[in-house]
Amino acid sequence: KAKEKGDEMSIKRIAELSGVSPATVSRVLNHPEYKCQSPEVRERIWKAAMQLGYTPNQAARNLKLGIAAEQKIYYIGVLMTRTENATADPFFGELLRVIESEIHKQAAILAKVWYLPLFSNDKKCRTENLDRIIDEMYRKTICVCDGLIIIGKCNKEALKKLNKKYKCVVSVNRNSTNYEVDEVLCDGKKVAAMAVEYLISLGHRNIGYVGECYNEARYAGFLETMRKHEIEPDPSMIIQTHQTETEGFHAMQRIFQEEDRPTGIYCANDITAVGMLKCLAKYKNYYYTPSIISGDDIEEAQCTRPMLTTVSIPREEMGKFAMQLLLDRLRGGHRSVVRLELEGRLMIRDSCAPVDESGWSDYCI
């Protein structure tokens, strides 16, 4: 009872530090599907939890599970390599939410969340002092961090250095690490192939690509699928962008200026596609209504008009398996590098149409 009371006091202390109710704290910590009133509130709660080193009542949990001895409590860090904050790309925000809750459910402690997009940028990784940056990361957890979960693509040299610094590393990604570390993968090549195959099945052959190109699995999958069907990609229909809503809006503005526009567009991620749909809504007078397909299946994908056709990436399973792999390695359960691959699923909605149909009369977000 005393320990249960202590657990309640910790939740109350987190609530005080973050300026919300204890009930909200409990829901955010325990339920990744809970829709917090804003991402900022959710970040404040987890920041307070990290500050206090909060972990659930391990003794009560073990008693419930029938475990006599308490297991070691691990400190877990999370590195976000694709985004500068929790709101820039909802896909990564949703994946982080799952992993944070899994850390909590396993009675571990979330030591720190870093947002360092330079780790996904090969050019910057060649010029930056990676050893210094990684040492600073480790010092910020007071050198207490048993394992690291990396969310997003990571430069190969940086990954090797991170793997040496931390006891155990798991990558959650759409770009394989090629067995550099344990990884949970939804192969970006296969995601792209599924999307482009669907456009081709609707009769599209003038197909554009919007997203990152350099060392990117989804771009490689786009090219391979086009060539498999003997369709030579048109360079004017390939737009290299950072994967944000704003970049998607600007990419569509560029497409408007082209004389030969694609009838179908594969967009590497959902939030970029949302930006493209918003641009189409704003410039209806162009009477241009391409079929748009992407990959992620974020919540906003069902709130667009037309609803976004996309390839769903199983975030819940990826987050859960990543934590299971990390704990198994920390506990000495396996030594060989493990690659666990999950399949994407095509979500056919309204933003794609056969090439000989007129498309949509209006776009609205």
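Before reading further, recall that the structure is shown in the block above.
Here we summarise the structure given alongside this text. (Residues numbered from 1 in each chain as written. Predicted model: local features only at pLDDT ≥ 70, side-chain atom pairs only at ≥ 80, totals over all residues. Heavy atoms only, no water.)

A short note on the overall build of the chain
(1) Moving on: Secondary structure summary: the chain contains 13 helices and 12 strands in total.
(2) Moving on: Within the chain, buried positions represent 54% of all 365 residues.
(3) Moving on: Considering only contacts in the chain between residues 6 or more positions apart, those separated by 24 or more positions represent 74%. (Helix = DSSP H or I, 4+ residues; strand = E, 2+ residues; numbered from the N terminus. Buried < 20%, exposed > 50% of the residue type's maximum accessible area, 1.4 Å probe, protein only. Contact = heavy atoms within 4.5 Å.)

Looking at the pairing of strand E2 (residues 109-115)
(1) Moving on: Among the 7 residues of E2, 6 are classified as buried, and the element is accordingly described as predominantly covered.
(2) Moving on: Across 6 bridges, strand E1 (residues 75-80) lies against E2 in parallel orientation. When the sheet's bridge partners are listed, Leu 79 is paired in E2 with Trp 114.
(3) Moving on: For the crossover from E1 across helix H5 (residues 90-105) to E2, the handedness is right-handed. (Pairing = 2+ DSSP bridges. Right-handed = clockwise from strand over helix to strand, strands pointing away.)

Side note on the sheet that holds strand E11 (residues 339-341)
(1) Moving on: In spatial order, the strands read E2-E1-E3-E4-E5-E11; together these 6 strands make up an open sheet with parallel pairing. Looking at the sheet topology across the chains shown, the edges are occupied by E2 and E11. Taking each pair of neighbouring strands and ignoring which way they run, the sheet shows an average axis angle of 15 degrees.
(2) Moving on: Two elements, strand E3 (residues 147-151) and strand E4 (residues 168-173), share 5 bridges in a ladder whose sense is parallel. Its bridge partner lying in E4, Ile 151 is registered against Val 172. (Axes fitted to C-alpha atoms, helices over the stretch in contact; angles between N-to-C directions.)

Section: the nonpolar core
(1) Moving on: In this structure, Ile 76, Val 78, Ile 151, Phe 222, Met 252, Tyr 266 and Ile 292 are the most contacted members of the largest nonpolar core, which totals 88 residues.
(2) Moving on: The next biggest cluster of nonpolar side chains, apart from the first, holds 21 residues, and it includes Leu 79, Trp 114, Ile 133 and Ile 134. (Core = buried A, V, L, I, M, F, W, Y, C linked by side-chain atoms within 4.5 Å.)

Some thoughts on the layout of surface pockets
(1) Moving on: Looking at the largest pocket, its volume works out to about 610 Å³.
(2) Moving on: Considered class by class, the residues forming the lining of the largest pocket number 5 nonpolar, 10 polar and 8 charged. (1 Å grid on protein atoms, 1.4 Å probe; cavity = no way out; pocket = protein on both sides within 12 Å on 5 of 7 lines; lining within 4 Å. Points joined across faces, edges and corners; volume = space filled by probe spheres on them. Nonpolar A, V, L, I, M, F, W, Y, C, P; charged D, E, K, R; others polar.)

Focus on the pattern of salt bridges
(1) Moving on: As enumerated under the stated definition, the model contains 24 salt bridges in all.
(2) Moving on: The shortest N-O distance in the salt bridge between Glu 183 and Arg 339 comes to 3.7 Å. In this pair, Glu 183 is assigned in strand E5 (residues 182-185) and Arg 339 in strand E11, connecting sequence segments 156 residues apart.
(3) Moving on: With a closest N to O distance of 2.7 Å, Lys 190 and Glu 341 form a salt bridge. Of this pair, Lys 190 sits in helix H9 (residues 188-201) while Glu 341 is found in strand E11, placing the two residues 151 residues apart along the sequence.
(4) Moving on: Among the residues examined, Lys 190 registers a relative accessible area of 40% and is labelled partly exposed.
(5) Moving on: With a relative accessible area of 30%, Glu 341 lands in the partly exposed category.
(6) Moving on: Taken together, the salt bridges that share partners define one network made up of Arg 82, Lys 153, Glu 212, Glu 216 and Arg 218. (Salt bridge = Lys/Arg side-chain N within 4 Å of Asp/Glu carboxyl O.)

What about the pairing of E4?
(1) Moving on: Counting buried residues along E4, 6 of its 6 residues qualify, which places the element largely inside the surrounding structure.
(2) Moving on: Here E4 shows a buried face lined by Cys 168, Val 170 and Val 172 and a second buried face lined by Val 169, Ser 171 and Asn 173.
(3) Moving on: As for the winding sense of the linkage, the β-α-β connection from E3 through helix H8 (residues 156-165) to E4 is right-handed.
(4) Moving on: One ladder, built from 4 bridges, connects E4 with E5; its direction is parallel. Paired with Val 170 across the two strands is Asp 182, which belongs to E5.

Focus on the packing of aromatic side chains
(1) Moving on: In the structure shown here, the tally under the stated rule is 9 aromatic pairs.
(2) Moving on: Where Tyr 209 meets Tyr 219, the ring centres are 5.0 Å apart and the plane angle is 50 degrees; that geometry is what we call tilted. Remark: Tyr 219 occurs in helix H10 (residues 217-228) and Tyr 209 occurs in strand E6 (residues 207-211); sequence separation between them is 10 residues. The same class applies to Tyr 209 and to Tyr 219, which are both buried.
(3) Moving on: With a centroid separation of 5.8 Å and 75 degrees between ring planes, the pair formed by Phe 256 and Tyr 283 is classed as edge-to-face. A residue pair is termed long-range when its members are at least 10 positions apart, and Phe 256 in helix H11 (residues 245-256) and Tyr 283 in the loop between helix H12 (270-282) and strand E9 (291-296) qualify at 27 residues.
(4) Moving on: Look at Tyr 283 and you get partly exposed, because its relative accessible area is 23%.
(5) Moving on: Three or more aromatic residues joined by ring pairs make a cluster, and in this case those are Tyr 209, Tyr 219, Phe 222 and Tyr 266.
(6) Moving on: Sitting over the face of the ring of Tyr 288, Arg 261 holds its NZ or CZ atom 5.1 Å from the ring centroid. (Phe/Tyr/Trp six-rings, centres within 6.5 Å; stacked < 30°, edge-to-face > 60°. Lys NZ or Arg CZ within 6 Å of the ring centre and 35° of its normal.)

Overview of the sheet that holds strand E7 (residues 238-240)
(1) Moving on: Reading across the sheet, the 6 strands line up as E7-E6-E8-E9-E10-E12 and stay open at both edges, with mixed pairing between neighbours. Taken across any chain shown, the strands that pair with only one partner, and hence form the sheet edges, are E7 and strand E12 (345-347). Ignoring strand direction, the axes of neighbouring strands in this sheet form an average angle of 15 degrees.
(2) Moving on: Strand contacts of H9: E6, strand E8 (264-267), E9, strand E10 (309-312) and E12, with the helix running at about 170 degrees to E8, the strand carrying the most contacts.

What to know about H10
Helical geometry note: an α-helix holds 3.6 residues per turn, so side chains three or four residues apart project in the same direction.
(1) Moving on: An ideal rise of 1.5 Å per residue puts 16 Å on 12 residues; H10 measures up with 16 Å between its terminal C-alpha atoms.
(2) Moving on: When we look at burial in H10, the residues that qualify are Ala 217, Arg 218, Tyr 219, Gly 221, Phe 222, Leu 223, Thr 225 and Met 226.
(3) Moving on: Looking at the buried positions of H10, the neighbouring elements they touch are H9, E6, E7 and E8.
(4) Moving on: Looking one or two residues beyond H10, the residue adopting positive phi is Glu 230, at roughly 55 degrees. (Expected span 1.5 Å × (residues − 1).)

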